[in-house]
Each structure stands twice: as structure tokens, then as C-alpha cells.
Amino acid sequence: MPEEQKKSPIESVSQREETVLKFWDRADIFNKTLQQSAPHGEYVFYDGPPFATGTPHYGHIVSSLMKDVIPRYQTMRGYHVERKWGWDCHGLPIENIVEKELGTKNKKEIEDLGITQFNSLCRSRVSTYVDDWKKIIKRLGRWADMDHAYKTMDLNFMDSVWWAFKRLWDQGLIYKDYRSMHICPRCETTLSQSEVAEGYRDIKDLSVIAKFELIDEAGTYILAWTTTPWTLIANVALAIGLEIKYVKVEVDDAFYIVAQELLDQVFPDGNYQIVTEYQGTDLVGRVYKPLFNYYSEDKSLQNRERGWKIYAADFVTTTEGTGIVHIAPAFGEDDMDLGKKNNLPFIQHIGLDGVFKPEVKDFSGLQVKPVADHSSTDVEIIKYLAAHGTLFYKAKYEHSYPHCWRCDTPLINYATSSWFVGVSKIKEQLLKSAKNINWSPAYIKEGRFGNWLNGARDWSISRQRFWASAIPIWQCSCGEQKVIGSVAELEKLTATKITDIHKDKVDLLTFKCDKCGGEMKRISDVLDCWFESASMPFAQLHYPTENKAKFEHNFPAQFIAEGIDQTRTWFYYLHVMAVGLFKKRAFSNVMANGIVLALDGKKMSKRLQNYPDPSLIIEKYGSDALRAYLLSSPVMQAENLNFSEKDVQESLRKNVMILWNIYKFYQMFAGENPASATNLKANNTESKNILDRWIIIKLNLLINQTTSALEAYNLPKAIRPITEFIDELSTWYLRRSRDRFKSDNLVDRDLALATTKRVLITLAKLMAPFTPFIAESLWQKVKGFNFTNDDRSVHLETWPLQPSKAKSLVQQAFKIFGLGREDQKILNNMSSVRRIVELGLAQRDAVGIKTRQMLASIKVRGMAILDSKYVDLITAELNIQTLSFTDLLAEKSSVELDTVLSPELKRQGLKRELIRSINLLRKENGLTLQDRVTVYYQAPAQLDQALKTIAPEIISDTLALDFIAGIALSQNGQTKKEIKFAGQVITVSLQK
Ligand SMILES: [Zn+2]
Ligand SMILES: [Zn+2]
């Protein structure tokens, strides 16, 4: 087939969808769905805000689909579903983009540039990709109100965030603490537990075992192992376990102390002599020589006298290392706790920027973990140890290490101060409220989400950055603190009209201290942007200053959806904020999607170009095909999906093309103005035709299945039966009804048309949430509407299954289309019919006789006798004259074909072959049944007689003028066709 022709159906799919989009715009259908009466009231949906720092990828498309299907469905169910879009504007993603443009390497350079300018650059970049988003979201067919989107950088939004902060503060849920945190030395900020969890990657580091010489026992060394050699400078103690047995061994005239259990790992060659055995207690209190002297000789160092000794700790194990742990309280949580407990000296030899301080003379100015070569500084430390005789062993060490989720710099564990939300204080309530959240898939509830909630720690909400909501705490040098809960409050205190509360503006606003009359200044930290995303339920409405009643009526949400990674972030923080502020959960139903990977199972990578651009896929196959593909895939149930373009193409065929062909066939007989089907008075339920009855039962079952799966928020389970139904509609109902459509029996013809019409209209409604374009086209066409003049839409229709009472439960819905005994019988019988057909076709295949060749009889074994209306379906489909049931109780069902061909059967076979070829020739030459043609044939003499006898039938069945021996005069590129029959070749040609 020429390339042009091959492409055309696919192109027309995309064009058809564009027509639908134009229609939705012209007729304002989305707004109409919001304005139409909603008997069941509100169905509340919250949209999690994406960053517009790049164009939408498949992950966004997947979550967009969940956020489209459910609201469309609930709208048809009779709810009013607002779909306010949101934009995440603040935080490191935008700051990093601006920093890249500016080429800044650290925070200092931003401060030199001026925060005002930096922030205004950030503001200007927030909307860079908004237009791309609008285009793709619209083309995808997702309905969302992007024109009235909330932005986390809007004054009103930020005002509500301050209100939330103040309310948490008033409840004693916000506090400041000095503790061991993960920081990004490049971004120079602390990160939260979830941000850290995001960036774990396997890297190769250097591990060392250092030698700590005992002061009172020269030549005896305690061995301690570390994977962060750079922290050895800050070492102030060694920790042992009281339950652990230790030994002193002699190796080449030197003495070493390690845990007995780890001896063979530390000395793998076994070349040692055990000299002494110790209990942990024997070692506690012993003093050793510091490895470095930058701090140990500084007399002003607090608690110096308690440093460089052995302490007992319960976190010491013998799983790896030496059973003795090096302690640097400034760089680890356990270390810090032990330091606090024992009043150890505190050495922080690097700054928040990760640079060694000047007093660390041999290393001053070095970066702790340079991005280019993160272990180069450790190499310097190791060289120093080796030169000073304190290195016992070094090795490469591969481990999972956290990195900055934005700039990819290795994080470091660093003691610093931070503001926290006291999540642990409300943990009971968090767990209790989470019990009523319905998850899809269900296992996340107790699994990923439950585990994260159980392990939840206090939330570090302060960041030492610029483009974010400012923390609304003002303080005075006398120690007085004041939290501001609204812009209005700050306006009053400062007698200033305020239009922007970003750091660069709000830091300039001061007021008088109530206590001492001094100046109250804002603390310099800004808020974690998850604090803002978690505030969206109320901040998008500028609650409580505005929309008080509306918010209270719209909280919690009935439905939210995002990727599974959000269980630790958005889902979690929404929940924390809601419980903290309102003692309630934030959402009742939540769907989590998995990750879309490249076809090879690797991460989709722009650089590797290992996946097709979503826009191109949509252009090529249409949005419906992509939607149906993703919606029926396990990615909707939080599993990963390897994206396959081929499967999108297959999805187009199964969900759109086949359906469209069904419609075309229907339309051919119903006509452009389908009077026969429309005017038909007969109620379809009255149709006694077994195919009509069967397809209507199937349709009702489909309605039940799709509805109950949607009620359970299981999208694959909801859409897959639709695809199966389309297949059955095409390959069985329509295939077997074809002759009825053409029939002279007008009553039966109209019953077939009316049934098909009813099925197509209901199917369009069921498909509307999933594949809104084809649903719209189909519904309009079958209904006889058109896109240019009518304002009706399938999306304004009522869902085919309504519970008997408003707001009643799924269970009730099931009852509506219950199966009667008679219905069940029809289903069973039809499934027997299809089974027999399947066996019969397989046997024809095995003996190599095409279905076009009629056979005399078929025997069916091991199956119950069916009455004639079913038998007729089988004999017609299998092209067999008679069917008989035998051996009913045979264990295995089977069929037996009589494959002997009588002369009469042969003639019938020949006739069908010829008719088929003639019709094909007509089609290939662009001729319709209205074009009268003469058919010529050339055949061996022995077939002449047979051909002459079937000629009249061929003429009438192909609407030909004549069927005669000869060759058509070659014209207009007409071709001929060769038919092989019983070892002979017949050639046919046409002449108009
Ligand atoms: Zn960073
Ligand atoms: Zn004061």
C-alpha cells in the first residue's frame, strides 16, 4: 500500500480530535459541565501544583489522566467538580535555573548580586513553560481551570501560609532546635527528611581505618573505621559497646585494639597474636592522642578536658568496621546525641558552604565533597594520616549516599539550627486520621504511606534561601519574638501598604519591640516549599480572610492524585498540615501512579532520547489512544510501565479504529439521517433476536463493571472491559448481524439498527471519562448532532448507572442491572456458541480449508444441545450446512468437521471465492455497488461448465451486468485478479 494511504486513518484521528477540541471551545462545554445542575452537590478535588520548570513529561500526563477521568465521571454522576489548577513557584527548582543562567557558584555570589534582583529573576522565570503546559494539557483532553490557577507566589496565597504558620505556632507545634541535619553545601541550606530520601544514589567513597594511639600505652592503637575521612578532623571521642568483647593483638611489634568478632575482617591474613581480652567497660575512659591538633590545643575549646577519650554508646555494633566508632558530634546524629550526653567538645571545622575553615591549616579552603571529584579531599586527609603514621588501612567503599535533589551535590550531615514542625507531637492523631483514607492501590495505605507516617520525624521547615515564603517570625536583640499571622497585621505594625512579602521586601520591614522598645527584625530563614503545597487546600481560597464558608464546605477533598513518590511529600505534608491545623485528614480518596520508563526499562532521559516526545505521540495516534493505553496499564496502580509506542498504536486500533469502523458500518445502513433507527418505536428490550438480547445483557454488565471499578478508583479495571466489549461488539454482534442490516425483513433490520444505536450511545457515555474525543464524536454522530451548530455534548449527559438514592453506595449500583435467570442462560449459551465456533475454525485451519468453502456438516461432542437460533449462528459463522450434537456427556468438548467436498459444495466454494475477488476488485478500483460493471473471466476448460451454472448467482450477488469469458479492455489502470481453486487458476477482470 502506498505510504500516503497507510498514514491517512491515523492522521484523520488527530484531525477528528482537533475538531472536537474546537467544538468544546466554541460551545464552552467544560464551563457548561460546571454550570449544569448538580443534584448530588460538590465533589471536591484538589490539584497538586506542578513546577513549570520544564515541559510536561509522561509522569505529568499520567497523573493528569487520573485527575481528568475521576472528575469527568463524577460530573456525569451528578456532582459539581471544580478543577482549579495550581502552580508551584518557589524553591530550589527555580532558583537553580536562575543560578545556572547567572553562572553563580555559591550563595555569596547571589548576595553580592542582591536578593531583590535574584528574586525578580526567579519571578520572571516561573512562567517560562506555562504556555507549553497549557497546550499539552488541553490537547490531552484534560479539563482544568488553568485561567484561574493559584500560584504559591501570590500575595493572597502567601498570606494564608502565614496564617497557617501562626496557627501552628499558637498550638506549640513550631520550635527551633540545633541538631544534626542534612545540608547541601552548594545550596547552603538544610533539607527535610523527604528531600534527603529523594536523592540516595550508590557512589564509591574511600573508607579508612585510623590508628588512635593510647596516651598511657605508647605503641598500642585503637582502630576505628569511617567512610567519611574528612570528619576525622572533628573527632573528639571513640565509642565502644558495653556488650562487645574486645581484644588487643600484636602484629609486627605493634599493638591494636578491635572487637574480637571482627578480628578476621580487620586482619584477613590471620597474622596476629591475641595479647589481652577486654570487656567494653575495661576500655571506657581511656585517653588517646588526637589525630590532628587544630582544635585539641585550643585552650578556649569548651569541654576540652572531656575530649579524646573512650565512651560507651548503645549504637555501636559489630556488623562492619572494627567495633569502635569514631565520634564527631558536629557531623552525625548519634555523634551529636553522644556529645550532648557526655558534654563532649564540639568541633565544626567546615562551614555550611562545605569549605574547610582557616584554622584547619593543612586543608583550609578545600571543599569537603567537590562535585567533580567527591573523594579528592578525602584523599588529602588519607595522605596526611599516612604521613603521620596514623593510617592503618584504606579501601574503596561503595554505598548509598544522599545527594541534593536539585543540584546533585553530595549532602553532608551537619549540626545546625533549624525550625521544625513538631510532627511527633501529633503522630497519634496523624495515624488515627489516616485510617479513614482510601488508597488506590490499597496496599499503599499500610505500606509506603503507613510506614512513612510511623517513622515520621519532626519536619524541618526552614531554608536558608531566597525565593520562597518568608518565615513570619520577627525578633529583637532582647530575645522577644513575634509571629505575624497575616499581611494586614504587618501593615498595621509597620504602617506600610504591603504588596509583596518575599524576603527581599519583607526583610526591610521592622517595628518596635513591645518589651524593650528596640527594633524587631525578621529572622532570615524562608519556608520549605512543601509547607506551601501542603497549604493549598485553604491558601488557594485565601482562607480565612476570604471564602471562609466555601473552604469549610470543601474540606477535606474527596479526591487527590499524584505519583507514588508523593507519599513522602505532598500526600504526607497535606496530611500533616490538615491534622495540625484542623485535626482532620486532608483527603478521603487518593490515587497514586507509578513511573513511566523508557521501553528498555531505563529511566526516560532527554539526553539519551530513549523515548518518543508526548506531543508527537499525540499527533500521531491521538490523545484517546495514549489515554486508553496509559489508563489500562499498571502505571495507574502505582507500578512502573515501560512505555511502548507500538502499544499506543495497538491501543488506537482496539479502542478507536475498531469502534469507528463499527460506527461507519452502522451509519452506512442507518443513513446520515438515521430515520429507521430513530423512528423505530420498538423498545429494544422487546427484540427477541438472540444477538440483540445478548449484546444488551453484555452492555449492562459492562456498565456495572466500569461503574464499580470507578467507584473503587481502579482505572485499569474500569477501562479494560470497555476495550473487550468493543471487540465483542465488532467480532461477534456486528459480524453476525451484518446480514440483518442488509435484510429485506425491515422489522428485523430496524431492530438491529436500533440495538446498535442504543449500544453506541451508552458506550459513548461509558467511554467519555476515559477517551473523551472518540466518545464525543461517536455520540454526536449517532445522535445526529453536528459540531458546528449544536451545543449538546456527551460530557453533559448523565452516567448510565445512577444509584437509586442520591449519594448512596456502590453496592446499590450493582443491583440495578442484575442478571435474570434468562439473561444468564443467554450468556452461557452464547459462550458455548463461541466456543464451538472457535473449535470449528481451529479445525478448518488444521485441514487447510478456508471458511469460504462451505462444508456439509459438523458434529459437536461434550456440549449441551443448543436450540436453533444458536445453531444458526454457528453454521453461518462456520459456513457449514448442518450441525448435530452427539455424545453429550463426553468429558472433553470437541467438534468434528465433515471435510469431504461434493461437487455441489465445490461449486458453492468457487462461487464465494469469485464474489469475494470481484468485490475486492471493485474496491481497489474505487467502484461502488452503484457502478455497474461487466465481469470477465478466464479459466481452464474443465471449470467452464461449473462457471456457467453459477453465473446467474454471481451476477445477482455482485450487482454485475454480466459474467462472461474474456478479458476486460485495459483502461484506467484496472487490474485483474487471480484465484486459485482446487489446483486451477481463474483470472477475473472488470469493465465499467
Ligand atoms: Zn543543592
Ligand atoms: Zn526587645
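The structure under discussion appears in the preceding block.
Predicted model, so just to flag it, every value in this text is computed and none were measured.

Parameters and conventions
Residues numbered from 1 in each chain as written. Chains lettered and ligands numbered in written order. Predicted model: local features only at pLDDT ≥ 70, side-chain atom pairs only at ≥ 80, totals over all residues. Heavy atoms only, no water. 1 Å grid on protein atoms, 1.4 Å probe; cavity = no way out; pocket = protein on both sides within 12 Å on 5 of 7 lines; lining within 4 Å. Points joined across faces, edges and corners; volume = space filled by probe spheres on them. Nonpolar A, V, L, I, M, F, W, Y, C, P; charged D, E, K, R; others polar. Donors = N, O, S within 2.8 Å, 3.2 Å for Na, K, Ca; no water. Tetrahedral: all angles 85-135°; square planar, octahedral: opposite > 155°, others 65-115°. Buried < 20%, exposed > 50% of the residue type's maximum accessible area, 1.4 Å probe, protein only. Pairing = 2+ DSSP bridges. Helix = DSSP H or I, 4+ residues; strand = E, 2+ residues; numbered from the N terminus. Axes fitted to C-alpha atoms, helices over the stretch in contact; angles between N-to-C directions. Salt bridge = Lys/Arg side-chain N within 4 Å of Asp/Glu carboxyl O. Patch = residues over 30% accessible without salt bridge, like charges linked within 9 Å, V, L, I, M, F, W, Y side chains within 5 Å. Areas by Shrake-Rupley, 256 points an atom, 1.4 Å probe, with all protein chains shown as cover. Contact = heavy atoms within 4.5 Å. Parallel < 35°, antiparallel > 145°, perpendicular 65-115°, else oblique. Phe/Tyr/Trp six-rings, centres within 6.5 Å; stacked < 30°, edge-to-face > 60°. Lys NZ or Arg CZ within 6 Å of the ring centre and 35° of its normal.

Using the criterion set out here, one finds five cavities of 30 Å³ or more in the structure. Approximately 150 Å³ is the volume found for the largest cavity. The class makeup of the residues in the lining of the largest cavity is seven nonpolar, two polar and four charged. Taken as a whole, the second largest cavity spans an internal volume of roughly 110 Å³. The wall of the second largest cavity is formed by 14 residues, among which Gly91, Leu92, Arg463, Leu527 and Cys529 lie closest to the centre. When grouped by side-chain class, the residues that make up the lining of the second largest cavity number seven nonpolar, two polar and five charged.

Protein-derived ligands of the zinc ion (ligand 2) are Cys476 (SG), Cys478 (SG), Cys513 (SG) and Cys516 (SG), with the metal-ligand distances lying across 2.2 to 2.3 Å. Around the zinc ion (ligand 2), the four donor atoms are arranged such that angles at the metal cover 99 to 114 degrees; this shape is classified as tetrahedral. Given a relative accessible area of 46%, Cys516 falls into the partly exposed group.

Attention now moves to the sheet that holds strand S26 (residues 587–593). Strand order in the open sheet made by the three strands is S17-S26-S25, with parallel pairing throughout. A strand with exactly one partner marks an edge of an open sheet, and here the two such strands are strand S17 (438–440) and strand S25 (557–563). Neighbour-to-neighbour, the strand axes of the sheet open up by a mean angle of 15 degrees, direction not taken into account. Sheet topology note: the S25/S26 ladder contains six bridges and is parallel. Directly across from Phe559, in S26, lies its bridge partner Asn589.

Moving on to the coordination of the zinc ion (ligand 1). Protein ligation of the zinc ion (ligand 1) involves Cys184 (SG), Cys187 (SG), Cys404 (SG) and Cys407 (SG), the donor distances falling in the range 2.2 to 2.4 Å. Geometry at the zinc ion (ligand 1) is tetrahedral, judged from its four donor atoms and the angles of 104 to 118 degrees they form at the metal. Every donor residue of the zinc ion (ligand 1) comes from the same chain, spaced as C-x2-C-x216-C-x2-C.

This paragraph deals with the layout of surface pockets. Counted as a void, the second largest pocket has a volume near 1,700 Å³. If you trace the second largest pocket, you find 31 residues lining it, with Arg738, Asp739, Lys742, Ile915 and Asn919 closest to the centre. If you list the elements that add at least two residues to the lining of the second largest pocket, you get helix H24 (645–670), helix H27 (715–741), helix H32 (868–878) and helix H33 (903–924). Take the lining of the second largest pocket: its biggest share by element is nine residues, from H33. Class assignment of the residues belonging to the lining of the second largest pocket gives a composition of ten nonpolar, eight polar and 13 charged.

A word on the pattern of salt bridges. Within this structure, the stated rule accounts for 56 salt bridges. A salt bridge links Arg72 to Asp68, with the shortest nitrogen-to-oxygen separation between them at 2.8 Å. Separated by four residues within a single helix, Arg72 and Asp68 lie in helix H3 (residues 58–76), roughly one turn from each other. Of the two residues, Arg72 and Asp68, both sit in the buried class. A single salt-bridge network, built from bridges that share partners, covers Asp47, Lys67, Arg142 and Glu562.

The next subject is a nonpolar patch on the surface. A contiguous nonpolar surface patch, about 350 Å² in accessible area, is contributed by Ile865, Leu888 and Leu889. Structurally, the position occupied by Leu888 is in the loop between strand S30 (880–886) and strand S31 (894–897). Take Leu888: its relative accessible area is 37%, and that puts it in the partly exposed class.

Structurally, the position occupied by Phe551 is in helix H20 (residues 548–553). With residues near it in sequence (within four places) discarded, Phe551 still touches Tyr46, Pro537, Phe538, Leu541, Tyr543 and Phe582.

Once that is clear, we can look at the sheet that holds S30. Read across the open sheet, the three strands follow the order S30-S29-S31; overall the sheet is mixed. This sheet does not close on itself; its edge strands, each paired only once, are S30 and S31. Averaged over all neighbouring strand pairs, the angle between strand axes comes to 20 degrees, with direction disregarded. One ladder, built from six bridges, connects strand S29 (residues 855–861) with S30; its direction is parallel.

As a further point, take the environment of Ser207. Counting through the fold element by element, Ser207 comes out in strand S7 (residues 200–213). Taking the relative accessible area as the measure of exposure, Ser207 reaches 3% and is therefore buried. Placed 150 residues apart in sequence, Ser207 and Lys357 show a C-alpha to C-alpha distance of 23 Å. For Ser207, the residues in contact, after removing those within four places along its chain, are Trp225, Thr226, Thr227, Tyr393, Lys394, Ala395 and Tyr397.

Look at any regular strand and the pattern is simple: side chains alternate between the two faces of the sheet. In strand S9 (residues 237–240), alternate side chains face the same way, and those of Ala237 and Ala239 on one face and Leu238 and Ile240 on the other are all buried. Both S9 and strand S13 (residues 309–312) contribute to a ladder of four bridges, which runs parallel. When the sheet's bridge partners are listed, Ile240 is paired in S13 with Ala312. As paired strands, S9 and strand S14 (residues 325–327) are joined by three bridges and run antiparallel to one another. Paired with Leu238 across the strands is His326, a residue of S14.

This part is about the packing of H27 against H32. One can describe the packing of H27 onto H32 by two numbers: an axis separation of 11 Å at closest approach and a directional angle of 90 degrees. Judged on the interaxial angle alone, H32 and H27 are roughly perpendicular. Between H27, through Trp732, Arg735 and Arg736, and H32, the contact on the second element is made entirely by Leu873, Ala876 and Glu877. Tallied by class, the residues present in the contact of H27 with H32 amount to three nonpolar, no polar and three charged.

In an α-helix, one turn spans 3.6 residues, which is why side chains three or four residues apart end up on the same side. Taken together, the buried positions of helix H4 (residues 92–102) are Leu92, Pro93, Ile94, Glu95, Asn96, Val98 and Glu99. On its buried side, H4 packs onto helix H5 (107–113) and helix H6 (115–126). Among the residues trailing H4, Gly103 stands out with phi positive, at a value near 75 degrees.

As a further point, take the packing of aromatic side chains. Inspection of every chain in the model, using the stated rule, returns 62 aromatic pairs. On the basis of an interplanar angle of 70 degrees and a centroid distance of 5.4 Å, the ring pair of Trp163 and Phe538 is categorised as edge-to-face. Here Trp163 is found in helix H8 (residues 155–170), whereas its partner Phe538 is found in helix H19 (residues 536–539), with 375 residues between them in sequence. By the burial criterion, Trp163 is buried, and Phe538 matches it. Geometrically, the ring pair formed by Phe559 and Tyr713 is stacked, given 5.6 Å between the ring centres and 20 degrees between the ring planes. Of the two residues, Phe559 is situated in strand S25 and Tyr713 in the loop between helix H26 (690–711) and H27; the sequence distance between them amounts to 154 residues. For the pair shown, Phe559 and Tyr713 are each scored as buried. Each residue in the set Phe165, Trp452, Trp459, Trp530, Phe531, Tyr572 and Tyr573 is aromatic and connected to the rest through ring pairs, giving one cluster. Between Arg179 and the ring centre of Phe420, over which it is positioned, the NZ or CZ distance is 4.1 Å. A cation sits over an aromatic face here: Lys369 above Tyr401, 5.1 Å from the ring centre.

None of this, on its own, says anything about what the molecule does.
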